[in-house]
Amino acid sequence: MAYVQLKNLEKVYNNTNKVVHGLSLDIKDGEFMVFVGPSGCAKSTTLRMIAGLEEITAGDIIIGDQRVNDLSPSKRQIAMVFQNYALYPHMKVRGNLSFGLRIAGRPKAEIAAAVDKVAAILEIEPLLDRLPKQLSGGQAQRVALGRALIKNPGVFLFDEPLSNLDAKLRASMRVRITDLHRQLKAEGNSPTVVYVTHDQTEAMTMGDRICVMQAGRIMQVATPKELYNAPANLFVAGFIGTPEMNLVEGAMEGGDFVVGSQRLAMGSDLSGRLSSQPADAVLGIRPQQFSLVAHGPALEAKLVHAEFMGHEVYMHADCEGRRLVSVVGAAEFEARGQSDVIRLRPDPKTLHVFDKSDGRNVSLHGGSIAA
Amino acid sequence: MTDISLAKTSARTLDEAAAAKRARMHLISSVVRYALLFGVGFLMLYPLIWLVGASFKTNSEIFSGAGFLPQSPTVEGYVQGWQTSTPYTFGRFFWNSFLIILPKVIGTAISCTMVAYAFARFEFPFKKILFGSVIAVLLLPNVVTRIPQYILFRDLGWLDSFLPLWVPSALAGDAFFVFMLVQFLRSLPTDMEEAARVDGANSLQTLVFIVVPMLGPALVSVCLFQFMWTMNDFLGPLIYISSVDKYPVSLALKLSIDTTEAFEWNRILAMSVLTITPALVVFFAAQRYFIEGISAGGRKG
Ligand SMILES: Nc1ncnc2c1ncn2[C@@H]1O[C@H](COP(=O)(O)OP(=O)(O)O)[C@@H](O)[C@H]1O
Ligand SMILES: [Mg+2]
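Rules used in this analysis
Residues numbered from 1 in each chain as written. Chains lettered and ligands numbered in written order. Predicted model: local features only at pLDDT ≥ 70, side-chain atom pairs only at ≥ 80, totals over all residues. Heavy atoms only, no water. Helix = DSSP H or I, 4+ residues; strand = E, 2+ residues; numbered from the N terminus. Rg over C-alpha atoms; globule rule 2.2 N^0.38 Å. Buried < 20%, exposed > 50% of the residue type's maximum accessible area, 1.4 Å probe, protein only. Contact = heavy atoms within 4.5 Å. Areas by Shrake-Rupley, 256 points an atom, 1.4 Å probe, with all protein chains shown as cover. Axes fitted to C-alpha atoms, helices over the stretch in contact; angles between N-to-C directions. Parallel < 35°, antiparallel > 145°, perpendicular 65-115°, else oblique. Left-handed = near helix turned anticlockwise from the far one by under 90°. Nonpolar A, V, L, I, M, F, W, Y, C, P; charged D, E, K, R; others polar. Domains from an automatic or database assignment. Buried area = accessible area lost by both parts, 1.4 Å probe. Salt bridge = Lys/Arg side-chain N within 4 Å of Asp/Glu carboxyl O. Polar contact = N/O pair within 3.5 Å; in protein donor to acceptor, adjacent residues only side chain to side chain. Core = buried A, V, L, I, M, F, W, Y, C linked by side-chain atoms within 4.5 Å. Phe/Tyr/Trp six-rings, centres within 6.5 Å; stacked < 30°, edge-to-face > 60°. Lys NZ or Arg CZ within 6 Å of the ring centre and 35° of its normal. Disulfide = S-S within 2.5 Å. Pairing = 2+ DSSP bridges.

Peer 1: Before we go on, may I ask you to explain the overall build of chain B in this structure?
Peer 2: Helix and strand counts for chain B come out as 12 helices and 0 strands. What you see in chain B, going N to C, is helices and strands ordered as α-α-α-α-α-α-α-α-α-α-α-α. Taking 2.2 N^0.38 as the reference for a compact globule, 301 residues should give roughly 19 Å; the C-alpha atoms of chain B span a radius of gyration of 28 Å, well beyond that estimate. In terms of overall dimensions, chain B has C-alpha extents of about 100 × 70 × 30 Å along its principal axes. For chain B, buried positions account for 36% of its 301 residues. For chain B, long-range pairs separated by at least 24 residues make up 71% of all intrachain contacts whose partners lie at least 6 apart in sequence. A total of about 17400 Å² of accessible surface is found on chain B, and carbon and sulfur atoms cover 71% of it.

Spelled out as structure tokens, the structure:
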């Protein structure tokens, strides 16, 4: 019912400042879609256009079979949760929850029942007679969530709803929101969610699919797993994953990757996947996919700094003037020997090669990447 | 053991001595500061105190000294002043003032809120030019418009009625209030209004249910300013009101000076005290909101 479709969506501010460059995206009914990207990449602008709070410069937005470009927010079957909660400061929690229903002129009994139901789901019954300023951040966020929930919308829109909370609360609210979505789905309501965040952890843990954005363009739309294992370009590769993927600039020469004076044989695992052999290439290696080896094909690097994290160690090493970060098990680290020159072998199955000229991942050919 | 406890004791007494000294200094500085404040405050308030005191004196006593305590307090000034030298009591003039102030204050609050809301939250053609003219009006000296205004109201047949005194203000004619509310609104986040729109409220409902409550302190300030300025306005009524039965208190006070050959100062002073009482009462009743409103108006968002 409430799928969302963006067609060549564009936004120009003040007639000059183009911030959204032709977005096209299909969000399925009941899907949890996360928009993620660095600050200023127009996530909020896009979300606000879906909500109807921002005028659409060009393109179409379709929600549940209906073109909504010219509909007011209240007619779009949407509800929105704002970053700063945006609770009405002079109304009690009860009043905040029921405002929309009261504006719509619903009968009193129905409103009271709806408020009670939502309050029970979000465990905010004891707060119903408080003013927003008497709530903690987490409580206020739950009330804001309740205000969206009570409308029983087709589409939930979230704009960085957790970024004002402390880390612990954020983690628990993350779970609460995804649980709620699953619960609503199980009840057959199947609301679609569009969730904006700049936090990749939120994106990876919450989204059915993730839309990675940069500067008003979509970089990749994929499931969290696919995004991690098969980033379509350099931007996504560098954005998703902690610590960040190592992106080593070099060149492809006859199936080998050349960086400085070193030559790394790629083996058939990787070269079979390559759709082209760019002269100027960037090799992408996740820190977790290095292993310390004594012989065989590997990158030689000088250990600069090691961070002990408990069961694993983050090694910062210098390879031909480039910083390489690798994560190895603590035992493996202890067994490396005395020398501060280490040999790091990347797992060829999970290596990525990017064309430096356009940032495209050229190693996705055949799509046979091991998870 | 003994040595240590001795050392401890002496250290403690040293500490205590220092603390006591600090407390004493603190006390002295407080006394000095408060004495100074009281002194200056008293000086500032003296005319007002004298006014109240003198209103209970007899006419002859008023000029006999600068002291404010009446020797034989009497309410004669109030009784006779209230009667006035006209066929009307002072109550009539208060009622007239009220008839001007009530529509003016209510009209100002409503009209200025709507105009400010439009300027602060909507895009419309010529907005910049229109807002520029609001500021221009703000900077325009009042005297410049006196004569054209008078001619306009004469042609409308509004002379010797209350209309010229409140209608312009009730139609957002006071640029200062519009400007003040616009500044206040700009400092408020728009999230709540957007949430209300998503909740299905139209612009008017958003204004009434969301914006006006948040605007509360600023609106209290607007009403207070308008109340006090209208209460004190002398020139407006002087120009437009000619019949005595329509005089507001500001004019009526002057009346008692005009018509009596030997000025009955105690009556004038007594009526002056009554005249400033409503303003004082309203001010102190609304003081908290008032101050909040003024200071919040200057806050940047
Ligand atoms: N009301 C506005 N007027 C002009 N420019 C704006 C406005 N809102 C946002 N922008 C610009 O649009 C770009 C995207 O902003 P935004 O959508 O808020 O980014 P994000 O939410 O991803 O951090 C930014 O460069 C910002 O400066
Ligand atoms: Mg944003």
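Peer 1: Please explain the packing of helix α2 (residues 93-103) of chain A against helix α3 (residues 108-122) of chain A as it appears in this structure.
Peer 2: A pair of packed helices is captured by two measures, namely the crossing angle of their axes and the spacing between those axes. Residues and elements named next belong to chain A. For the pair α2 and α3, interaxial distance at closest approach is 10 Å and the crossing angle is 135°. On the basis of the axis angle, α2 is oblique to α3. In the crossing of α2 with α3, the sense of the turn from one axis to the other is right-handed. Taken together, the residues of α3 that come into contact with α2 (itself represented by Arg-94, Leu-97, Ser-98, Leu-101 and Arg-102) are Ile-111, Ala-114, Val-115 and Asp-116. Residue composition of the contact of α2 with α3, by class: 5 nonpolar, 1 polar and 3 charged.

Peer 1: When you look at the domain arrangement of chain B in this model, what are you seeing that I'm missing?
Peer 2: By a frequent convention, interface size equals the accessible area lost on bringing the separate parts together. Residue and element names in this part refer to chain B. Its domain assignment divides chain B into domain 1 (2-76) and domain 2 (83-298). The straight-line distance from the C-alpha centre of domain 1 to that of domain 2 is 39 Å. Every contact between the two is made by 11 residues of domain 1 and, on the other side, 9 residues of domain 2. Counting each side, the surface lost to burial between domain 1 and domain 2 is near 790 Å², with a carbon and sulfur contribution of 74%. Counting the surface domain 1 buries against domain 2, the share from its top three residues, Leu-51, Ser-55 and Asn-59, is 53%. Applying the counting rule to domain 1 against domain 2 returns 0 salt bridges. Summed over the shared surface of domain 1 and domain 2, the result is 0 residue pairs in polar contact (both at pLDDT 80 or more). Taken together, the residues of the side of domain 1 that touches domain 2 break down into 7 nonpolar, 3 polar and 1 charged.

Peer 1: Help me understand the nonpolar core, please; the structure alone is not making it clear to me.
Peer 2: Here is a general trend for soluble globular proteins: nonpolar side chains tend to be buried in one another's company. Residues and elements named next belong to chain A. Ranked by size, the top nonpolar core spans 67 residues in total, and within it Phe-35, Ile-61 and Leu-157 carry the most contacts. In this view, Phe-35 contacts Leu-6, Leu-25, Lys-43, Thr-46, Val-194, Tyr-195, Val-196, Thr-197, Cys-211 and Met-213; residues no more than four positions away in its chain are not counted. Of all hydrophobic cores here, the second largest spans 46 residues; its members include Val-34, Val-115, Ala-140 and Ile-150.

Peer 1: Where do I start with the packing of aromatic side chains in this structure?
Peer 2: Two numbers describe a pair of aromatic rings. These are the distance of the centres and the angle of the planes. Tallied over the full model, the rule gives 25 aromatic pairs over all chains. On the basis of an interplanar angle of 65° and a centroid distance of 5.8 Å, the ring pair of Phe90(B) and Phe94(B) is categorised as edge-to-face. Placement of both Phe90(B) and Phe94(B) in helix α3 (residues 90-121) is noted, with a separation of 4 residues, approximately one turn of the helix. By relative accessible area, which is 1% here, Phe90(B) ends up buried. By the ring-pair criterion, three or more aromatic residues cluster together here, those being Phe32(A), Phe156(A), Phe158(A) and Tyr195(A). The ring of Tyr88(A) has Arg147(A) sitting right over it, with the charged end atom 4.6 Å from the ring centre.

Peer 1: Where do I start with the state of the cysteines in this structure?
Peer 2: Linking two cysteines covalently via their sulfur atoms produces the bond known as a disulfide. Summed over the entire model, instances satisfying the criterion amount to 0 disulfides over all chains. We note that Cys211(A) lacks a disulfide partner, and the nearest cysteine sulfur, in Cys41(A), lies 8.8 Å from it. Free of any disulfide, Cys223(B) has its nearest cysteine sulfur in Cys112(B), 9.5 Å distant. Overall, the relative accessible area of 25% leaves Cys223(B) in the partly exposed class.

Peer 1: Looking at this structure, I do not really get the interface of chain A and chain B. What am I missing?
Peer 2: Contact residues are listed per partner, giving 21 residues for chain A and 15 residues for chain B. Between chain A and chain B, roughly 1600 Å² of surface is buried when both sides are summed, and carbon and sulfur atoms account for 65% of that area. For chain A, the biggest contributors to the area lost against chain B are Tyr88(A), His90(A) and Ile103(A); these three give 30% of the whole. Put simply, chain A and chain B have 2 salt bridges between them. Notably, a salt bridge pairs Glu194(B) with Arg48(A), separated by 2.8 Å at the nearest N-O pair. Where chain A meets chain B, there are 7 residue pairs in polar contact (both at pLDDT 80 or more). Partitioned by chemical class, the residues of the side of chain A that touches chain B number 13 nonpolar, 5 polar and 3 charged.

Peer 1: What exactly am I supposed to notice about the sheet that holds strand β5 (residues 66-67) of chain A here?
Peer 2: Across a sheet, paired strands are connected by hydrogen bonds in the backbone, their directions being either parallel or antiparallel. All names here are of chain A. Pairing is antiparallel across the open sheet formed by 4 strands, whose spatial order is β2-β1-β4-β5. The sheet terminates laterally at β2 (17-27) and β5, the two strands that pair on one side only. As judged from the 2 bridges shared by strand β4 (residues 58-63) and β5, these two strands associate in the antiparallel manner. When the bridges of β5 are listed, Ile-63 appears paired with Gln-66. Helix-sheet contacts for helix α1 (residues 43-51) involve β1 (4-13), β2 and β4, and the interaxial angle to β1 is about 115°.

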